[in-house]
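Spelled out, the chains give:
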Amino acid sequence: MEGTGYVTVFITMVMESMVLPVPSEAVMPFAGFLVAEGKFTFLLVILFSTLGSIAGSLISYAIGYYSEKALIHKYGKFLLLDPEELDATERFFNKYGDITIFISRFIPVVRHLISLPAGFAQMNIYKFMIFTVIGAGLWNSLLAYIGFYLKNNWEAVMKYGKIVDIAVILILAGLFAYYIYRHMKKRRHK
């Protein structure tokens, strides 16, 4: 990111917002770290990340708007889209309406998928963009600030870093095992 600049912030946030497995939690704190190093500015980090978020969200919105749900369910597995997670996201959208776009920017998994049901429902594009810009902008700002803050307290981070690394690896391994178990169970059920 340091070598490629704001373009990487933009591209990774496009990917994060269009259902690809690129978590903003991994991208934005590092961008904030680079702000603390004086290599990026906070304003441009937020601008490029939010532009990336809206671009990726609009791509997913368009896919939902112009596609049939059956097509997404059939081929979504190639994008790691779980039909049950997509259905749950759609139910969430239908239950809470347009404000869901804003709220979902703060909820893992839902954040990556919510643009598809908004497209399926043919939500007003201007409302969609406004809620996305506000929600993603706030989320991106929070994560960048966390990265900035952690840089200023790097000694404390390093002190507990190894413990956190081990915990994260164990959690990710557990989540991966659960994911495999769930899919194996579904296949046996079918």
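This text goes with the structure placed above it.
What counts and what doesn't
- Residues numbered from 1 in each chain as written.
- Predicted model: local features only at pLDDT ≥ 70, side-chain atom pairs only at ≥ 80, totals over all residues.
- Heavy atoms only, no water.
- 1 Å grid on protein atoms, 1.4 Å probe; cavity = no way out; pocket = protein on both sides within 12 Å on 5 of 7 lines; lining within 4 Å.
- Points joined across faces, edges and corners; volume = space filled by probe spheres on them.
- Helix = DSSP H or I, 4+ residues; strand = E, 2+ residues; numbered from the N terminus.
- Phe/Tyr/Trp six-rings, centres within 6.5 Å; stacked < 30°, edge-to-face > 60°.
- Buried < 20%, exposed > 50% of the residue type's maximum accessible area, 1.4 Å probe, protein only.
- Salt bridge = Lys/Arg side-chain N within 4 Å of Asp/Glu carboxyl O.

K.L.:
Which parts of the structure should I look at to understand empty space enclosed by the protein?
P.N.:
Picture a little ball the size of a water molecule; that probe, rolled over the atoms, points out where space is still empty. Enumeration according to the criterion identifies one cavity of 30 Å³ or more in this entry. Quantified by volume, the largest cavity comes out at close to 30 Å³. Lining the largest cavity are Met-13, Glu-16, Ser-17, Ser-53, Arg-105, Arg-111, Ala-136, Trp-139 and Asn-140. Secondary structure elements with two or more residues in the lining of the largest cavity: helix 1 (6–17) and helix 9 (125–152).

K.L.:
Could you clarify how one ought to interpret the packing of aromatic side chains in this entry?
P.N.:
We describe a pair of aromatic rings using the distance from one ring centre to the other and the angle between the two ring planes. For the coordinates displayed, the defined rule picks out eight aromatic pairs. When the ring of Phe-30 is compared with that of Phe-33, the centres are 5.9 Å apart and the planes differ by 10°; the resulting orientation is stacked. On the criterion of helical spacing, the pair formed by Phe-30 and Phe-33 is a turn pair, its members being three residues apart in helix 2 (residues 24–36). Accessibility expressed as a relative area gives 19% for Phe-33, which makes it buried. Each residue in the set Tyr-61, Tyr-65, Tyr-66 and Phe-128 is aromatic and connected to the rest through ring pairs, giving one cluster.

K.L.:
Help me understand the pattern of salt bridges in this model?
P.N.:
Once their charged atoms are close, side chains differing in charge can pair, the charge on each being opposite to the other. This structure, assessed with the given rule, holds two salt bridges. The residue Lys-39 makes a salt bridge to Glu-37 at a minimum N-O spacing of 3.6 Å. Exposure remark for Glu-37: the relative accessible area of 34% places this residue in the partly exposed category. The shortest N-O distance in the salt bridge between Glu-37 and Lys-151 comes to 3.1 Å. In this pair, Glu-37 sits in the loop between helix 2 and helix 3 (42–66) while Lys-151 sits in helix 9, placing the two residues 114 residues apart along the sequence. The network of salt bridges with shared partners includes Glu-37, Lys-39 and Lys-151.

Such coordinate-based values are descriptive only and should not be taken to indicate function.
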